[in-house]
Amino acid sequence: MAAKRETAHLADDRGADAAALARDHLVQPWPTAGHIGAEARGELASGDGVYVVDAEGRRLIDGPAGMWCVNVGHRRRELADVLHAQAMELSYNSPWYTTNRVSAVLAERLAVYAPGDLGHVFYTTGGSSAVETALRFMQFMNNVTGRPDKKLIVAREGGYHGSTYLSASLNGRPRDLDWMDGARDQVRRLSCPNPFRRPAGVAEADFCDYLVAEFRDLIEKEGAERIGAFIAEPIMASGGVIVPPAGYLPRMRELCAHNDILFIADEVVTAFGRLGEVFASGATFGMEPDMITFAKGVTSGYFPLGGVMISSQLLERLRGSNHPDAMFAHGLTYSSHPIGCAVALKNLDILEGGLLQHVRDISGYFQSQLKTLEELPLVGEVRGQGLMACVECVADRASNNPLTLDLEVGKRIDGHCQELGLLVRPLINMCVMSPPLTINRTQIDDMVSILRRSIRLTMDELVREGLWKG
């Protein structure tokens, strides 16, 4: 064992190659069985603003902002200073029997921004634990209020809600659950609200009517007394930046309210500036959920933090129940972490200091410039809102079929983009962008130019390999 420790120490002293260390010791997220525990992914060495620098010294635009999260950009001195100062003042406190001031101050500020009466927050460590918390709260509430059978969760095809057991059970993306267990008996699924994939000849308004009717029919079939919650991302992020039809979310909210079904808005991606608001549910989509889950942009990725905004009415219902001693036996060691909450407060200062308005001002340019990529025959649609967008590639525009002969087309495009100075997030036949909110017009132009060149290079490859007719 001593020799093993000495070897590791020497490897570190010698600046051992990170890829080799990763292959030998690191299990990466979302690996395939054939590479698990023996995989090296591209190393990033540093970041500054909207850029990252890889191990070879190439400077790239951080198109996905990490994982939808580096909202205020890399290397923000204000956040680094606050992180350090809070660690030196109070690095941790147990949330089981103590409170720190910064978590309470942050809770009050979040309550001001949240729509309706969402005046309380339960802090978690990230998005998955935030969704898990919201679902467990629903179960607890229905147990305490004498409705133990009201537990079914309604989710949607194409959605993504996390990686914990219960949150992952909601995921509706292809391949997410192929080899993984889950609480599938507790979940019912509705159609993906993707206007691009609606039946040919169907108007978007009629498609919206269909989606709402589908939910109404499901409630009638299962019984409102058995459905506890409906969960929805206002814009499906990892599903391909799916923007639902106009009016869809308020109408689904109305159905929930009429049938006493909790509406959980999963704003892990859309909150904290991505759409120009701190929370998008009310300001952007005109609805007031019962709960909002958040994470990612709340600290711009500088510290792990998430949470659930909870309606005051729900808490009053619990306090007025016949079981005042019933315990919500749920909590996390790092709930209300003082460092995370301190960073989130400073992050809010930055958003309020002009960055939210910048997103509102520049989003139109971002979307319109990316939309020009639809001139390329491989591109079926460019869609998005705010500073999140998706380029979806298709085999042919007549049918809008995906590229079934090459499911790695997104990775091909991403590979060319990296050579040219841009990171994108490849999703099968799609490329997703959600850059730091600080991006400017020149950087948007660079991003679009690189994407255009990379898509053209990919088209040439596919034709040359006989995978696409062009």
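To keep things clear, this report deals only with the structure shown in the data block. Everything numeric in this text was worked out from a predicted model, so none of it was measured.

It is worth spelling out the sheet that holds strand S1 (residues 44–48) at this point. To summarise the sheet geometry, strands pair through backbone hydrogen bonds and adopt either a parallel or an antiparallel arrangement. Strand order in the open sheet formed by four strands is S1-S2-S3-S13, with mixed pairing between adjacent strands. With one partner strand each, in any of the chains shown, S1 and strand S13 (422–423) form the two edges of the open sheet. Sheet topology places strand S2 (residues 51–54) next to strand S3 (residues 59–62); three bridges connect them, and they run antiparallel. Counterpart to Tyr51 in the pairing with S3 is Ile61.

Bringing the packing of aromatic side chains into the picture now. For the structure shown, the criterion picks out ten aromatic pairs. Both rings, one in Phe140 and one in Phe328, keep their centres 5.2 Å apart while their planes meet at 45°; by these two values the pair is tilted. Of the two residues, Phe140 is situated in helix H6 (residues 127–144) and Phe328 in the loop between helix H11 (312–319) and helix H12 (338–371); the sequence distance between them amounts to 188 residues. Owing to a relative accessible area of 15%, Phe140 belongs among the buried residues under this scheme. Take Phe328: its relative accessible area is 23%, and that puts it in the partly exposed class. Measuring from ring centre to ring centre gives 5.3 Å for Phe230 and Phe263, while their planes differ by 75°; the resulting arrangement is edge-to-face. Separated by 33 residues along the polypeptide, Phe230 in strand S7 (residues 227–232) and Phe263 in strand S8 (residues 262–266) bring together distant segments of the chain.

Taken in spatial order, the four strands make up an open sheet running S11-S12-S15-S14, and their pairing is antiparallel. Each edge of the sheet is formed by a strand with only one pairing partner; in this case those strands are strand S11 (379–385) and strand S14 (425–427). The sheet shows a mean angle of 20° between the axes of neighbouring strands, direction not considered. Two elements, strand S12 (residues 388–393) and strand S15 (residues 430–433), share four bridges in a ladder whose sense is antiparallel. Bridge pairing in S15 links Ala389 to Met433.

Ranked by size, the top nonpolar core spans 103 residues in total, and within it Leu110, Phe215, Phe230, Phe272, Phe279 and Leu451 carry the most contacts. Looking at which element gives the most residues to this core, the answer is H12, with 16 residues. Not counting residues within four places of it along the chain, the set of residues in contact with Phe279 comprises Leu110, Tyr113, Ala114, Pro115, Glu267, Ala271, Phe272, Ile292, Phe294 and Met309. Counting residues in hydrophobic clusters, the runner-up holds 26 residues, among them Met138, Phe140, Met141 and Leu262.

This part covers the pattern of salt bridges. By the definition in use, this model includes 23 salt bridges. A salt bridge links Arg41 to Glu39; the shortest N-O distance between them is 2.9 Å. Shared partners join several salt bridges into a network, and the residues in it are Arg109, Lys346, Asp349 and Glu352.

Moving on, we come to the side chain of Ser363. Within the secondary structure layout, Ser363 lies in helix H12. Assessed through its relative accessible area of 11%, Ser363 is described here as buried. Here Val359 takes part through its backbone oxygen, which lies 2.5 Å from a polar atom of the side chain of Ser363. In this structure, Ser363 is in contact with Gly386 and Leu387, ignoring residues within four places of it in sequence.

This paragraph deals with the packing of helix H5 (residues 101–113) against H12. Look at H5 against H12: their axes get within 8 Å of each other, and the N-to-C directions meet at 40°. By the angle class used here, H5 and H12 are oblique. Of the two elements, H5 crosses H12, and the hand of that crossing is left-handed. When H5 is examined against H12, the residues Val102, Ser103, Val105, Leu106, Arg109, Leu110 and Tyr113 are found in contact with a partner set consisting of Pro338, Cys341, Ala342, Ala344, Leu345, Leu348, Asp349 and Glu352.

What follows covers the state of the cysteines. Applying the stated criterion across every chain, the model contains zero disulfides. Left without a disulfide partner, Cys393 is nearest to the cysteine sulfur of Cys431, which lies 6.0 Å away. Judged by relative accessible area, which is 1%, Cys393 ranks as buried. Cys431 provides the cysteine sulfur closest to Cys417, a residue in no disulfide bond, and the two sulfurs are 6.3 Å apart. By relative accessible area, Cys417 is classed as buried at 0%.

Its 24 residues give helix H14 (residues 441–464) an end-to-end C-alpha distance of 35 Å, which sits within 8% of 34 Å, the value for a rise of 1.5 Å per residue. Structurally, the start of H14 carries an N-cap: the backbone nitrogen of Thr442 is 3.1 Å from a side-chain oxygen of Asn440. Positive phi appears at Gly466, one or two residues downstream of H14, with a value of about 75°.

What follows deals with the pairing of strand S4 (residues 120–124). Within S4, four of the five residues are buried, leaving the element largely enclosed by the surrounding structure. Judged from the five bridges that link them, S4 and strand S10 (residues 306–310) form a sheet pairing that is antiparallel. Within the sheet, the bridge partner assigned to Tyr123 lies in S10 and is Gly307.

What counts as what
- Residues numbered from 1 in each chain as written.
- Predicted model: local features only at pLDDT ≥ 70, side-chain atom pairs only at ≥ 80, totals over all residues.
- Heavy atoms only, no water.
- Pairing = 2+ DSSP bridges.
- Helix = DSSP H or I, 4+ residues; strand = E, 2+ residues; numbered from the N terminus.
- Phe/Tyr/Trp six-rings, centres within 6.5 Å; stacked < 30°, edge-to-face > 60°.
- Buried < 20%, exposed > 50% of the residue type's maximum accessible area, 1.4 Å probe, protein only.
- Axes fitted to C-alpha atoms, helices over the stretch in contact; angles between N-to-C directions.
- Core = buried A, V, L, I, M, F, W, Y, C linked by side-chain atoms within 4.5 Å.
- Contact = heavy atoms within 4.5 Å.
- Salt bridge = Lys/Arg side-chain N within 4 Å of Asp/Glu carboxyl O.
- Polar contact = N/O pair within 3.5 Å; in protein donor to acceptor, adjacent residues only side chain to side chain.
- Parallel < 35°, antiparallel > 145°, perpendicular 65-115°, else oblique.
- Left-handed = near helix turned anticlockwise from the far one by under 90°.
- Disulfide = S-S within 2.5 Å.
- Expected span 1.5 Å × (residues − 1).

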